[in-house]
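Here is how the chains run, residue by residue.
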Amino acid sequence: MKGILLSLILGIAFTSHAHAKDITFGIVPQQSAITLANNWGPILEYVSQQSGYNLVFRTAKDIPEFEGRVLTGAYDVAYMNPYHYTVFHQKPGYQAFAKQKDKRIHGILVVKKEASISSLEELDGARLAFPSPAAFAASVVPRAALKNQGISITPQYVSSHDSVYLNVARDFFIAGGGIERTFNNTNAKVSEQLRVLWKTPGYTPHAFAFHPDLDPQVADAIKAAFLSMNESEKGRTLLGNISFKGIESAQDEDWDDVRALNITLLQHLLSE
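Regions with low pLDDT carry predicted coordinates that are not meant to be interpreted in detail. In this model, the protein carries a mean pLDDT of 92, and residues with pLDDT of at least 70 account for 92%. This model gives residues 1-8 a pLDDT under 50, and the stretch forms five contacts once residues within four places in sequence are excluded. Segment residues 11-20: pLDDT under 50, and 16 contacts once partners within four positions in sequence are set aside and those in other chains are kept.

As structure tokens, this is what we get:
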């Protein structure tokens, strides 16, 4: 039964276009599929009730698979990291409509709480855990910062933010990359064993974005429903469960700070 549930929420059986009354909502798999479903399911239920359209939760087994699905337009609506948005706005043309309110996303490097490490220089020559090559704040920015400081590390990719934290807690890696929100949301038994060694500068956070083929009337209703969460106690509570203070409207140019970094990791996808 658990395997069937996991298959459903991973979206293993999906088509590029949802049925008329079902709107697929893809979420970048920063955490396990079960955790994401538990956290986001009530939010999508709320938005479905408010908008009149049935939003169906989808994710993928890891971030590279999610990237492939976004590239092929598998999701009518998607929640993706800042770098993903700058790529998939170009192809297939996802358009941002909202983002976390009053938020700048910061990447972090975590170590064991009792570790004697106090500087990035002490990571030189070590193997570090990251969720995926193109995880923006949790992987791309920290790796670039280390390289710019002449600190050589060997990255190993472990599929999700939660997996990074667990691997560091279990001493499989001396340090690993994540973001503040997922660190705050991860299992307390894990996070209590860790501390933040270093934090990146802040950038525009993840994008809520529509597929270009989504009916504008449907898109408007869904956007209004998401923004309405700020106005109700239930909505604010649900957002609090994913460490959001609120949701605000967004435009494509909000991610120009990310574009200015000239990241090219996924550029090859645009020519496929």
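Summed over the entire model, instances satisfying the criterion amount to 11 salt bridges. A salt bridge links Lys61 to Glu65; its shortest N-O distance comes to 3.9 Å. Judged by relative accessible area, which is 55%, Lys61 ranks as exposed. The salt bridge involving Lys112 is made with Glu114; its shortest N-O contact spans 3.4 Å. Taking relative accessible area as the criterion, Lys112 reaches 10% and is therefore assigned buried.

Moving on to the packing of helix α2 (residues 33-51) against helix α10 (residues 233-240). Between α2 and α10, whose axes approach to 9 Å, the crossing angle comes to 150°. With respect to α10, the element α2 is oriented roughly antiparallel. Crossing of α2 against α10: the hand is left-handed. Side by side, α2 and α10 meet where Pro42, Ile43, Tyr46 and Gln49 of the first sit next to Lys234, Gly235 and Leu238 of the second. When grouped by side-chain class, the residues that make up the contact of α2 with α10 number four nonpolar, two polar and one charged.

Across a sheet, paired strands are connected by hydrogen bonds in the backbone, their directions being either parallel or antiparallel. Read across the sheet, five strands follow the order β7-β6-β8-β5-β9 without closing on themselves; strand pairing throughout is mixed. Only two strands of the sheet have a single partner each, and these edge strands are β7 (154-157) and β9 (194-199). Across the sheet, the mean angle from the axis of one strand to that of its neighbour is 35°, orientation sign disregarded. Both strand β5 (residues 107-112) and strand β8 (residues 175-179) contribute to a ladder of four bridges, which runs antiparallel. The residue bridging Gly107 from the neighbouring strand is Ile179, located in β8.

Before going further, it helps to spend a moment on the side chain of Asn167. Along the chain, Asn167 falls in helix α6 (residues 161-169). For Asn167, a relative accessible area of 16% puts it in the buried group. Only 2.7 Å separates the side chain of Asn167 from the backbone oxygen of Ser163, close enough to count as a polar contact. When neighbours within four sequence positions are excluded, Asn167 is seen to be in contact with Val158, Phe172 and Phe173.

Okay, the packing of aromatic side chains next. Aromatic ring pairs are reported here in terms of the distance separating the ring centres and the angle at which the planes meet. By the definition in use, this model includes 18 aromatic pairs. For the ring pair Phe25 and Phe226, a centre distance of 5.7 Å and an interplane angle of 35° mean the geometry is tilted. Taken as a pair, Phe25 in strand β1 (residues 22-27) and Phe226 in helix α9 (residues 216-228) lie far apart in primary sequence, 201 residues in all. For the pair Phe25 and Phe226, one class covers both residues: buried. Both rings, one in Tyr165 and one in Phe183, keep their centres 5.4 Å apart while their planes meet at 70°; by these two values the pair is edge-to-face. Residue Tyr165 is located in helix α6, and its partner Phe183 is located in helix α7 (residues 180-185); the two are separated by 18 residues in the primary sequence.

Procedures and definitions
Residues numbered from 1 in each chain as written. Predicted model: local features only at pLDDT ≥ 70, side-chain atom pairs only at ≥ 80, totals over all residues. Heavy atoms only, no water. pLDDT = per-residue confidence, 0-100. Contact = heavy atoms within 4.5 Å. Salt bridge = Lys/Arg side-chain N within 4 Å of Asp/Glu carboxyl O. Buried < 20%, exposed > 50% of the residue type's maximum accessible area, 1.4 Å probe, protein only. Axes fitted to C-alpha atoms, helices over the stretch in contact; angles between N-to-C directions. Helix = DSSP H or I, 4+ residues; strand = E, 2+ residues; numbered from the N terminus. Parallel < 35°, antiparallel > 145°, perpendicular 65-115°, else oblique. Left-handed = near helix turned anticlockwise from the far one by under 90°. Nonpolar A, V, L, I, M, F, W, Y, C, P; charged D, E, K, R; others polar. Pairing = 2+ DSSP bridges. Polar contact = N/O pair within 3.5 Å; in protein donor to acceptor, adjacent residues only side chain to side chain. Phe/Tyr/Trp six-rings, centres within 6.5 Å; stacked < 30°, edge-to-face > 60°.

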